[in-house]
Amino acid sequence: MSYPGLIVLRYGELFLKGGNRRAFERLLRRNVERALDGAANTLERGQGRLFARCEQTELPRLTRRLQRVFGLSSVSPALPATIDHQDIDGTIKHLAEVAAAIIEQRARPATFKVETRRADKRFPLTSIEISQRVGGLVAERTSITPSMHHPELGVGIEIGQQASFVFVDRLPGAGGLPVGCEGRVALLLSGGIDSPIAGHLMQKRGCELVAIYFHSPPYTSTHAQDKVVQLGERLAIAQGGLRLLVVPFTEIQCDIRDNAPPRLAVLLYRRMMMRIANALARRHDALALATGENLGQVASQTLHNLACIEQASELPILRPLLSYDKHDTIALARELGTFEISTLPHEDCCSLFVPKHPETRGDPLKLARAERELDSALLDAAVERTERIDL
Ligand code: ATP
Ligand code: MG
């Protein structure tokens, strides 16, 4: 026999106005449907909420998936209840049975408290009356003591127009905005710790990602690319798929290594990356680039150098980690499950070609002069030979 379950998805809607709000709700619903992946029977809309009906056995798995959907403030697995406005006693008894069933699924608490929210005012008892009568019956059934002030377990009852239900947990949602409501961003995704987190933060602000990876075979192995694919797969979850563009970067790096001052090499690689990323971003309708760059973390990321890198890009470069401390980024990476992937041994295409004394105070004039010695045809060739992998 199957028992019905219900997942309550709450979103803060107060800050949303007019057309914004409609777009927010449409995208949120789409993303929730993707996360449910056909496992829910129905998805209904309430005031600032969505209700997904599913099998009770699916509640833990689906709740975990839904906690990753951006735009939700909290998620509650619940058991649905049936409200009969004509039959008060029968409804109270039914609510007590459902509440007792939820309590019995957990480690036995010493005390509990029932709290009711009655959005559907047709039901003739007040919220307080419902809580008291249900609480009394639950205490009888379970012989657990009700406590008004310091209950060990709080049991919530909601009587609404769209759905009525009983729940205990109010789990944190991922917050942010639904992916897609801010348009597309091209993420420069390396195998490192930072760039996947930068992508995650852009998704949280509503951006859909297309990822660009600069690959330098044979200096970087297929393992390095596999890592990027794995990171991309992790980012794909929040948006139901991800386009990964793999740019062949070896010839450009060799040209720079052989024909430019070694001190400038890293900045020259970065500027080339930006030019290629701009061309690819336009082809894939991205409005901006995003990187995992951070101010002052490594020699290449001084303010002088970021300014030099910026000059090679027409599109804005977004750097969501700019002010992060490394341990904050690592904490997020662990939470997201990318840390284990990012710390697999690999070669970074830039670290292989990094000179002993990289420039820390880049000078745009010197860089432009050095670039005149490079083969500009390699840029277009790299764009043309870029491969697309759909994750
Ligand atoms: P990450 O951990 O993201 O690699 P990092 O702190 O190691 O960052 P760098 O390796 O200097 O810093 O790179 C800075 C940013 O440039 C990266 O966050 C990434 O956005 C981009 N980047 C660097 N190498 C590549 C690459 N091979 N392909 C795509 N993007 C890259
Ligand atoms: Mg790196």
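Predicted model, so just to flag it, every value in this text is computed and none were measured.

The rules behind each value
- Residues numbered from 1 in each chain as written.
- Chains lettered and ligands numbered in written order.
- Predicted model: local features only at pLDDT ≥ 70, side-chain atom pairs only at ≥ 80, totals over all residues.
- Heavy atoms only, no water.
- Helix = DSSP H or I, 4+ residues; strand = E, 2+ residues; numbered from the N terminus.
- Rg over C-alpha atoms; globule rule 2.2 N^0.38 Å.
- Buried < 20%, exposed > 50% of the residue type's maximum accessible area, 1.4 Å probe, protein only.
- Contact = heavy atoms within 4.5 Å.
- Core = buried A, V, L, I, M, F, W, Y, C linked by side-chain atoms within 4.5 Å.
- Salt bridge = Lys/Arg side-chain N within 4 Å of Asp/Glu carboxyl O.
- Pairing = 2+ DSSP bridges.
- Right-handed = clockwise from strand over helix to strand, strands pointing away.
- Near = heavy atom within 4 Å.
- Polar contact = N/O pair within 3.5 Å; in protein donor to acceptor, adjacent residues only side chain to side chain.
- Areas by Shrake-Rupley, 256 points an atom, 1.4 Å probe, with all protein chains shown as cover.
- Nonpolar A, V, L, I, M, F, W, Y, C, P; charged D, E, K, R; others polar.
- Domains from an automatic or database assignment.
- Axes fitted to C-alpha atoms, helices over the stretch in contact; angles between N-to-C directions.

Q: Hey, could you go over the overall build of the chain for me, with residue numbers and the actual values?
A: When its secondary structure is counted, the chain shows 14 helices and 15 strands. Taken over C-alpha atoms, the radius of gyration comes to 27 Å for the chain, far larger than the 21 Å a tight globule of 391 residues would show. By its C-alpha atoms, the chain is 85 × 40 × 35 Å across when sized along the principal axes. Counting across all 391 residues of the chain, residues that qualify as buried make up 51%. Here the analysis covers contacts within the chain between residues at least 6 apart in sequence; of these, 80% occur between residues at least 24 apart.

Q: Break down the nonpolar core for me, with residues and values.
A: Counting 47 residues, the largest nonpolar core has I7, L9, V32, L66, L95 and V134 as its most contacted members. Counting residues per element, this core draws most heavily on helix α3 (residues 88-104), at seven residues. Contacts of I7, omitting those with residues within four sequence positions, involve L50, F51, A52, C54, L59, L62, T63, L66, V75 and S76. Listed in part, the 40 residues of the second largest apolar core include F214, L245, L306 and V383.

Q: An account of the pattern of salt bridges is requested, with residue identities and associated values reported.
A: If you walk through the whole model with that rule in mind, you get 24 salt bridges. Here D169 makes a salt bridge to R106, at a shortest N to O gap of 3.1 Å. In this pair, D169 sits in the loop between β8 (164-167) and β9 (171-172) while R106 sits in the loop between α3 and β5 (111-118), placing the two residues 63 residues apart along the sequence. Take D169: its relative accessible area is 26%, and that puts it in the partly exposed class.

Q: Tell me what's going on with the pairing of strand β11 (residues 208-215), and back it up with residues and numbers.
A: Judged by how many residues are buried, β11 sits mostly within the fold: seven of eight residues are covered. As judged from the five bridges shared by strand β10 (residues 184-188) and β11, these two strands associate in the parallel manner. Looking across to β11, one finds that L188 is bridged to I212. For the segment spanning β10, helix α5 (residues 194-204) and β11, crossover handedness is right-handed. In terms of handedness, the path from β11 via helix α6 (residues 222-236) over to strand β12 (residues 243-248) forms a crossover that is right-handed.

Q: Before we move on, can you summarise the site of ligand 1 with the specific residues and values?
A: In the vicinity of ligand 1 lie 20 residues, with L188, S190, D194, S195 and R270 positioned nearest. Take D194: an N or O atom from its side chain is 2.6 Å from an oxygen atom of ligand 1. Separating an oxygen atom of ligand 1 from a backbone N or O atom of G292 is a distance of 3.0 Å. In isolation ligand 1 offers 570 Å² of accessible surface; the protein chains occlude 91% of this area. The set of elements that each furnish at least two residues to the shell around ligand 1 consists of α5, β11 and α8 (265-283). With three residues, the single largest contributor to the shell around ligand 1 is β11. Grouping the amino acids of the shell around ligand 1 by side-chain chemistry returns eight nonpolar, eight polar and four charged.

Q: Help me get a handle on the domain arrangement of the chain, residues and values and all.
A: Here the chain is described as being made up of domain 1 (5-172) and domain 2 (184-390). Taking only C-alpha atoms, the centre of domain 1 and the centre of domain 2 are 44 Å apart.

Q: Break down the pairing of strand β1 (residues 4-10) for me, with residues and values.
A: Burial within β1 is extensive, with six of its seven residues counted as buried. Two elements, β1 and strand β3 (residues 49-55), share seven bridges in a ladder whose sense is antiparallel. Considered in β3, the bridge of V8 is made with F51. As paired strands, β1 and strand β4 (residues 74-80) are joined by five bridges and run antiparallel to one another. Within β4, the position partnered with L6 by the bridge is A78.

Q: Mind laying out the sheet that holds β10, listing which residues take part and the relevant values?
A: On the basis of which strands lie adjacent, the open sheet formed by six strands has the order β14-β13-β10-β11-β12-β15 and mixed pairing. The sheet is open, and its two edges are formed by β14 (317-318) and β15 (387-390), each paired on a single side. As defined by bridge partners, β12 adjoins β15 across four bridges and the pair is classed as antiparallel. Counted as the bridge partner of R243 is D390 from β15. Contacts between α6 and the sheet are confined to β10, β11, β12 and β15, with β11 contributing the most and set at about 175 degrees to the helix.

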